[in-house]
Amino acid sequence: MATGTYNIFVLVKQVPDQGSKAGLNPDGTIDRAKAKRMLNPFDRYALQAALFTKRAYGGTVTAISMGPPPATEVLLEALEHGVDFGYLLCDKRLAASDTLATAYALYKTILHIGKPDVIFCGLQTTDGDTAQVGPQLAERLDLPQITYCEDFAIVDGKVEARRIIEGGIQKVITELPVLVTVANSYHALEYKSFRGAWRVRQLVRNPEEMKKYIRTLDLDVIGADPERCGLKGSPTIVAATEKVGDIGGNCCIFEGNSPESLVKDLMATSNVKEYVTALERP
Ligand SMILES: Cc1cc2nc3c(=O)[nH]c(=O)nc-3n(C[C@H](O)[C@H](O)[C@H](O)COP(=O)(O)OP(=O)(O)OC[C@H]3O[C@@H](n4cnc5c(N)ncnc54)[C@H](O)[C@@H]3O)c2cc1C
């Protein structure tokens, strides 16, 4: 493996913990204050890809998040896993940003921080769930993008990647710099190291020291146009939100002593028989 000093960025978003049963505001938006918070599960794969790239080829990993002050938590979590630096873009004028405004703000943040060789993003989030931010960011930065990526390597200075497409996989070779959205078939995020956890524990106790590793930015610092951020910069309108309630369907749990007997029972159900017949139809 060739070594280098790659400038690796990873985007991490804090989302409401789905297990915390966050309620909805009367206008249909998520009541984020009531919800427990967590690192977007899809971003764990992006984090792993960033850390693996650093381990394999050398470099620095910088995690970037846009959100309210508590979003610092996901940056600290990233540091515990071995990320070098974190940046939080935090500004009240960003409230109610849709994906267009979010991608614009993150684009200005990246321009402010420096020139990345690779930007890793999650595939999508578990709250907004659009999967648009990564590709929009690549367009704004005029970078090649590899979406749904499940394997990433740098060979002789070029990127070799495998991405998921409908019905198969695609092998891609491209130049650096590049933006990659990482599929959840990539390697699971490794456990935090004791060293990382210890380091963060020390930083939390020493706010001055923490400022060296986690920096907070606002729209003025990154030179973003407030008219293109938040509600003003968001052409998307959530017209209505409704609770779907019980979406129905039958859940069947098979119990048995061996995988073979379980598969036999499963194959004998009418649903599977219908499915197999449909697949066999010309
Ligand atoms: C009209 C409208 C109003 C909205 N109002 C609000 C609001 O008031 N408050 C609010 O919190 N949300 C709001 N949202 C949701 C907000 O637009 C999205 O959460 C945001 O634009 C990101 O889109 P997404 O979650 O679908 O990300 P996706 O495109 O699914 O995310 C893909 C990847 O991009 C990266 N990424 C995405 N967002 C961030 C981020 N913030 N920081 C770092 N990395 C990121 C991550 O790597 C992520 O895995 C609103 C959406 C709409 C349409």
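Given the structure is predicted, the values throughout are model-derived calculations rather than measurements.

Thresholds, definitions, all that
- Residues numbered from 1 in each chain as written.
- Predicted model: local features only at pLDDT ≥ 70, side-chain atom pairs only at ≥ 80, totals over all residues.
- Domains from an automatic or database assignment.
- Near = placed C-beta within 6 Å.
- Helix = DSSP H or I, 4+ residues; strand = E, 2+ residues; numbered from the N terminus.
- Nonpolar A, V, L, I, M, F, W, Y, C, P; charged D, E, K, R; others polar.
- Buried ≥ 20, exposed ≤ 12 C-beta atoms within 10 Å, placed from the backbone.
- Pairing = 2+ DSSP bridges.
- Axes fitted to C-alpha atoms, helices over the stretch in contact; angles between N-to-C directions.
- Contact = placed C-beta atoms within 7 Å.

Novice: So, the domain arrangement of the protein: which residues are in play, and what are the values?
Specialist: The domains assigned to the protein are domain 1 (6-228) and domain 2 (249-282). Measuring from the centre of the C-alpha atoms in domain 1 to the corresponding centre in domain 2 gives 39 Å.

Novice: Break down the site of the ligand for me, citing the residues and quoting the values.
Specialist: Near the ligand you find 34 residues, and of these Thr 102, Gly 122, Gly 128, Thr 130 and Val 133 are the closest. Element by element, the count of residues in the shell around the ligand is highest for strand 4 (residues 59-66), at three residues. Considered class by class, the residues forming the shell around the ligand number 13 nonpolar, 16 polar and five charged.

Novice: Would you mind going over the environment of Pro 41 in detail, with residue names and values included?
Specialist: Here Pro 41 lies in the loop between strand 3 (37-39) and helix 1 (43-57). Classification of Pro 41 as partly exposed rests on a count of 17 C-beta atoms within 10 Å. Once the C-alpha coordinates of Pro 41 and Gln 14 are considered, the two residues, 27 residues apart in sequence, prove to be 9.3 Å apart.

Novice: Go over the sheet that holds strand 7 (residues 145-155), please, and point to the residues and values.
Specialist: Taking strand neighbours across the sheet as the criterion, the nine strands line up as 9-8-7-10-6-1-4-5-11 in an open arrangement whose pairing is mixed. Sheet topology places strand 9 (168-175) and strand 11 (214-217) at the edges, where each strand pairs with a single neighbour. In this sheet, neighbouring strand axes are inclined to one another by 30° on average, regardless of whether the strands run parallel or antiparallel. As paired elements, strand 1 (residues 6-11) and strand 6 (residues 118-122) share three bridges and run parallel to each other. Paired with Phe 9 across the two strands is Ile 119, which belongs to strand 6. Of the strands in this sheet, strand 1, strand 4, strand 6, strand 7 and strand 10 (178-182) are in contact with helix 1, which crosses strand 1 at around 170°.

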